[in-house]
Amino acid sequence: MNDSSPARPAVPVLDVWCELQCPDCRGALADLHALRARYGDRLELRLRHFPLEKHKHAFAAAQAAEEAAEQGEAWPYVEAVLGRVEELDRGGEPFLVEVARELGLDAEEFDTALIDGRHILIVDADQAEGKAIGVTGTPTYVIGGERLDGGKSQKGLRERVEEIADRLLAEREA
């Protein structure tokens, strides 16, 4: 093999517009696990925030997810919070800090981040971009320029994501 071969092309990106207080997003976790298992590092899953006004702790949860990302544990944190949506409903910000502690993250830093709002701009930017591309609910997926709304129904959604991902991967290899 020739060492001067071009760098491997970037992998397709699946933007996952999510809200951590959303039961439908919790329902999508199985699909996200299956996509990770199937594609591994050949597909980048990128968390995008779209907190809905009807969920009073969603904006704080999005900020907490950003703090988890800063500490290198975005998806484990997201999955832990989504798995306990009812507790987030009841517990609010103290629950978000407790989940960080349970995962061995710097819980004091989570608390500080929620107070000083250091991640607000990221959450606001995601939400604005989501609105601009037509996201109205969660989960919504964007891959290969196609928006797939999982908030109404997740039936067949993973298969559609796989179809698009397979096409994008084939195009990159051609």
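Right, let's walk through the structure included here. Counting starts from 1 at the beginning of each chain's written sequence and moves along it residue by residue. Residue-level local features of this predicted model are given only where pLDDT is at least 70; pairs of side-chain atoms are given and counted only at 80 or more, and the full residue set underlies all totals for whole chains, interfaces and linings. Excluding hydrogens and water, the side-chain values take into account all heavy atoms of the structure.

Observations concerning the environment of Ala69
We count it as follows: The numbering of helices and of strands both runs from the N terminus, where a helix is a DSSP run of H or I of at least 4 residues and a strand a run of E of at least 2.
Counting through the fold element by element, Ala69 comes out in helix H3 (residues 58-70). A sequence separation of 86 residues divides Ala69 from Lys155, and the C-alpha atoms of the two residues are 29 Å apart.

What to know about empty space enclosed by the protein
In plain terms, the rule: Site definitions follow a grid-based scheme: protein atoms alone, a 1 Å grid, a 1.4 Å probe that fits but cannot get out for cavities, and for pockets an open set with protein on both sides within 12 Å along at least five of seven lines, plus lining residues having an atom within 4 Å of a point. Grid points are joined across faces, edges and corners, and a volume is the space filled by probe spheres set on the points. Any residue that is not Ala, Val, Leu, Ile, Met, Phe, Trp, Tyr, Cys, Pro, Asp, Glu, Lys or Arg is counted as polar, Gly included; the first ten are nonpolar and the last four charged.
Throughout the structure, instances matching the rule amount to 1 cavity of 30 Å³ or more. The calculated volume of the largest cavity comes to roughly 30 Å³. Taken together, the residues that form the lining of the largest cavity break down as 5 nonpolar, no polar and 2 charged.

Some remarks on the nonpolar core
Rules: By nonpolar core is meant a set of buried Ala, Val, Leu, Ile, Met, Phe, Trp, Tyr and Cys residues that side-chain atoms within 4.5 Å join together. Note on exposure labels: buried denotes an accessible area under 20% of the residue type's maximum, exposed denotes more than 50%, and partly exposed covers the range between, all computed with a 1.4 Å probe on protein chains only.
Counting residues in each nonpolar core, the largest one holds 44 residues, and the members touching the most others are Leu14, Tyr77, Leu96 and Ile143. Sorting elements by how many residues they give to this core places helix H5 (residues 85-102) first, with 7 residues.

Some details on the pattern of salt bridges
Rules: The term salt bridge refers to a side-chain nitrogen of Lys or Arg lying within 4 Å of a carboxyl oxygen of Asp or Glu.
Considering all chains together, one arrives at 21 salt bridges under this definition. The partner of Glu108 in a salt bridge is Arg101, with the nearest N and O atoms 3.4 Å apart. Using a relative accessible area of 41% as the deciding quantity, one classes Arg101 as partly exposed. When salt bridges that share partners are traced, they join Asp15, Arg46, Arg48, Asp126 and Glu129 into one network.

Thoughts on the sheet that holds strand E1 (residues 13-18)
Put simply, the rule reads: Here, a strand pair is defined by DSSP locating no fewer than two bridges between the strands. Angles run from 0 to 180 degrees between N-to-C directions of axes, and those axes are lines fitted to C-alpha atoms, restricted for helices to the stretch in contact. Residues count as neighbours in contact if any of their non-hydrogen atoms are within 4.5 Å of one another.
Pairing is mixed across the open sheet formed by 4 strands, whose spatial order is E2-E1-E3-E4. Edge positions in the open sheet fall to strand E2 (44-49) and strand E4 (146-149), since each of these has one partner strand only. For this sheet, the mean angle separating the axes of adjacent strands, direction not counted, is 20°. Note: E1 against E2, 6 bridges, orientation parallel. Bridge assignment links Val13 to a residue of E2, and that residue is Glu44. In the packing of helix H4 (residues 74-82) onto the sheet, the strands contacted are E1 and E2, and the crossing angle to E2 comes to about 55°.

Some thoughts on the packing of aromatic side chains
The test is simple: Aromatic pairing here means that ring centres of Phe, Tyr or Trp (its six-membered ring) are within 6.5 Å. Orientation follows from the plane angle: under 30 degrees is stacked, over 60 is edge-to-face, and everything else is tilted. Geometrically, a charge over a ring is one whose NZ (Lys) or CZ (Arg) sits within 6 Å of the ring centre while staying within 35 degrees of the ring normal.
For the coordinates displayed, the defined rule picks out 1 aromatic pair. Arranged with centres 5.1 Å apart and planes meeting at 35°, the rings of Tyr77 and Phe110 form a pair that is tilted. Here Tyr77, found in helix H4, pairs with Phe110, found in helix H6 (residues 107-116); they are 33 residues apart in sequence, far enough to count as distant. Here Tyr77 matches Phe110 in class, with each residue buried. Here the guanidinium or amino end of Arg36 rests over the ring plane of Trp75, the centre of that ring lying 4.9 Å away.

By themselves these figures say nothing about function.
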